[in-house]
Amino acid sequence: MLDNELKCHVDLCFCSNCREEWHRWLHDHYSSIDALNQKWGTQIWSEEYQDFNDVVLPQATPFVHNSALQNDYRIFTADSATSFVELMIQVIMLACDKPITHNTALGFNLKNVELFNQLDIIGFDTYAESRLIGGFTLNLDLWRNLNLKKEVMLLETSTSHVGYLERYVEPHPIGYLTMEIFLSYVAGLKLFEYWPFKGNATGVEQPHSAVITASGDHDLGYDEVETGSALAEKIHKQNRETTFIKSNVAIVYSDTAKRFYNIETGGKRSYRDLFTEYYAEILKYSSSLEVIPENTDFFKFKVILIPFLRYVSSEMLTKIQKFVDQGGTIILGPMTGDRSENLTWHKNNGLGELGEWLGIKNVNQFYVEAARTECGFSIDGNDFNFKNLLTIFDSDNNEIKNQSKIKNLKNRSIVLKAKKGQGCVYYIGGLLDEDSKQPFWKINLAPDLIKNDVNQDIIKQKGSTTIIYRRENDKEIHLYFANLGQINDSVILNANRVPLDVKLKNNKLSLMPYEVKELVFLR
Ligand SMILES: [Zn+2]
């Protein structure tokens, strides 16, 4: 394993070496200072540069640095980490021929696709807490899709609670660790590793749980480490005879989008928060889902969701168009396509090329807190309230007309639905407020997810917090259920599907919080 958690504790560096490298990086990317000035839009507040060596680093400043400058410095930083890894690999390969990996995580400023293209194994760490539904499985569903040719290993997680000198955290609830182990191995992970094995008596992480405490006793998660080992053995055996079946539904995850949210925060929420909440919403209607990087082939799926991807490149737009033309469903937004590559606002149509394709015009963007500001829209006769950063617009192609109920926004739209070729595209212009979220999804988006669910042959009604992974061979279908939530949940099976060896009352499978179950069916 190379190093430990690159870009975890220190993101941006401002040393003299980085200053020199930064100016070289800018020169390589823009070739002329005029091109940089043009792309960054420095013709404002006397920001124009005469020479690459004059370009500042985004250090502490009385107000805020130019958005394009901040964005490029973060990209430069991620690129530096990739180059550093490249160099380390070359040195190590001279000395040994063992496979090489690194432990990445969702929070770090890296270009994960580029990073792991060079490494032999995808390695990641996660300390997802139980209160965030889907916080753990988001990791499984992303890292197993990062590079399909490579094995995936969980290199660090806690047996119970994380912690260090400045932060105490509550233990995992009972069953949570077992659920993590169960799902990891069903998803095909090669390794599930604890940090640390023995608790630290010195250093900074003394309050961090372990398999064995610093004084040599069993720590809180010990029993589940044992249960998990037995479970792992059983699943490994089954995995050798079955193949993991992917969901038809995918959501696009982007390191570029994450960088944007670390700069344009609006003083509000992070990409990871927004993304995890959205991911958990999809899981209410889809048994499972694939979290895919931007370079993934869309034609492996039936429905693709692309929220929070502020910059939609021409290449990405072409992929979207081809997918929809040939019968796919794409759900865009909130906050998709509203910024340029340089984190500037579009000067042509508020959504650039994407807006032109969708036939969107007169775009306005503003922030609303649903609890204090009324921002209701009527969609096909149903009323919904939107919040956060709203994108409202006009469009002649929209199948949903006359949406706004607010006087000064009369006849403006926040949701677009349009048929294109054989398929369909939605643009959702805002986050739904708590009361509107479930009814909006149920009426507008859930039917597409349910229709394309990979387990629709067996599942009649999926519970709202249960994830269902599927593996199969020529003879059998294995469904692996896990309740990710902290209240009971249940799944209803189709009347004609009877599992082997298990008797269910009224075809109903009940799961307590974090409970895991497996059902086997004949094909
Ligand atoms: Zn430095």
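Basis of the calculations
- Residues numbered from 1 in each chain as written.
- Predicted model: local features only at pLDDT ≥ 70, side-chain atom pairs only at ≥ 80, totals over all residues.
- Heavy atoms only, no water.
- Donors = N, O, S within 2.8 Å, 3.2 Å for Na, K, Ca; no water.
- Buried < 20%, exposed > 50% of the residue type's maximum accessible area, 1.4 Å probe, protein only.
- Helix = DSSP H or I, 4+ residues; strand = E, 2+ residues; numbered from the N terminus.
- 1 Å grid on protein atoms, 1.4 Å probe; cavity = no way out; pocket = protein on both sides within 12 Å on 5 of 7 lines; lining within 4 Å.
- Points joined across faces, edges and corners; volume = space filled by probe spheres on them.
- Nonpolar A, V, L, I, M, F, W, Y, C, P; charged D, E, K, R; others polar.
- Salt bridge = Lys/Arg side-chain N within 4 Å of Asp/Glu carboxyl O.
- Pairing = 2+ DSSP bridges.
- Expected span 1.5 Å × (residues − 1).
- Bend = angle between axes of the 7 residues up to and from the residue.
- Contact = heavy atoms within 4.5 Å.
- Polar contact = N/O pair within 3.5 Å; in protein donor to acceptor, adjacent residues only side chain to side chain.
- Axes fitted to C-alpha atoms, helices over the stretch in contact; angles between N-to-C directions.

**Student:** Any chance you could explain the coordination of the zinc ion here in plain terms?
**Tutor:** By definition of the ideal shapes, a tetrahedral metal site with four donors has angles of 109.5 degrees and an octahedral site with six donors has angles of 90 or 180 degrees. Within the protein, the zinc ion binds to C13 (SG), C15 (SG) and C18 (SG); these donor distances fall in the range 2.2 to 2.3 Å. Counting residues between consecutive donors of the zinc ion along the chain gives the motif C-x1-C-x2-C. Take C15: its relative accessible area is 33%, and that puts it in the partly exposed class.

**Student:** Looking at this structure, I do not really get unusual backbone geometry. What am I missing?
**Tutor:** If a residue is not glycine, its phi is most likely negative; likewise, a peptide bond is most likely trans. A cis amide bond, omega -15°, links W195 with the succeeding residue P196. Topologically, P196 is positioned in the loop between β6 (191–194) and α7 (222–239). With omega at 0°, the peptide bond leading from G333 into P334 counts as cis. Turning to its location among the elements, P334 is positioned in the loop between β11 (329–332) and α11 (352–358). Its identity as a non-glycine residue notwithstanding, L343 has a phi of 60°, on the positive side. Mapped onto the fold, L343 is located in the loop between β11 and α11. Judged by relative accessible area, L343 falls into the buried class, the value being 3%. A positive phi angle is found at N506, which is not glycine, with a value near 55°. Tracing the backbone shows N506 in the loop between β21 (489–493) and β22 (508–511).

**Student:** Can you walk me through empty space enclosed by the protein in this structure?
**Tutor:** According to the stated counting rule, one finds two cavities of 30 Å³ or more in the structure shown. Its volume calculated, the largest cavity comes out at about 180 Å³. For the lining of the largest cavity, the elements supplying multiple residues, two or more each, are α9 (271–282), β17 (431–432) and α12 (434–451). The residue makeup of the lining of the largest cavity, split by class, is ten nonpolar, two polar and four charged. Put simply, the second largest cavity is a space of about 50 Å³. Residue lining of the second largest cavity: S130, L132, I133, G134, G135, F136, T137, Y176, M179 and L484, and that is the complete set. For the lining of the second largest cavity, the secondary-structure elements that each account for two or more residues are α5 (135–146) and α6 (176–186).

**Student:** Could you clarify how one ought to interpret the pattern of salt bridges in this entry?
**Tutor:** Between side chains of opposite charge, a pair can form when the charged atoms approach closely. Scanning all chains against the criterion turns up 29 salt bridges. The closest approach of N and O atoms between K284 and E281, which form a salt bridge, is 3.2 Å. Linked through salt bridges whose partners overlap, the residues forming this network are R269, E277, E281, K284, K387, E434 and K437.

**Student:** I'm lost on the pairing of strand β19 (residues 466–472) in this one. Help?
**Tutor:** The two faces of the sheet receive side chains in turn, since in a regular strand these alternate between them. Counting buried positions over the seven residues of β19 gives seven, a clear majority of the element. Here β19 shows no split at all, with T466, I468, R470 and E472 on one side and I467, Y469 and R471 on the other all buried. Pairing analysis gives three bridges linking strand β7 (residues 243–245) to β19, with the strands arranged antiparallel. Looking across to β19, one finds that F244 is bridged to R471.

**Student:** Explain α12 to me, please; I cannot follow it from the model alone.
**Tutor:** Residues spaced three or four apart along an α-helix face the same direction, because each turn holds 3.6 residues. Under the 1.5 Å per step criterion, the end-to-end length of α12 is 25 Å for 18 residues, consistent within 8% with the ideal 26 Å. Where α12 bends most, at L445, the angle is about 60°, and the proline P447 comes one to four residues later. Of the positions making up α12, those classed as buried are S436, K437, F440, W441, N444, L445, A446, D448 and L449.

**Student:** Just checking my understanding: could you explain the environment of S287 for this structure?
**Tutor:** Tracing the chain through its elements places S287 in the loop between α9 and β9 (290–292). Separated by 38 residues in sequence, S287 and V249 place their C-alpha atoms 9.4 Å apart. Excluding residues that lie within four positions of it along the chain, S287 makes contacts with D453, N455, K462, T466, I467 and I468. A polar atom in the side chain of S287 sits 3.1 Å from the side chain of N455.

**Student:** Please explain the sheet that holds strand β8 (residues 249–252) as it appears in this structure.
**Tutor:** Backbone-to-backbone hydrogen bonds join strands into a sheet, with any given pair of strands oriented parallel or antiparallel. In spatial order, the strands read β9-β8-β10-β11-β16-β15; together these six strands make up an open sheet with mixed pairing. Of all the strands in the sheet, just β9 and β15 (415–420) have a single pairing partner and so form its edges. Between one strand and the next, the sheet's axes are offset by a mean angle of 20°, whatever the strand orientation. Inspection of the sheet shows β8 paired to strand β10 (residues 303–306) by three bridges, in the parallel sense. Following the sheet pairing, I251 is matched in β10 by L305. On the sheet, helix α10 (residues 314–325) packs against β8, β10, β11, β15 and β16 (423–428) and is oriented at approximately 140° with respect to β11.

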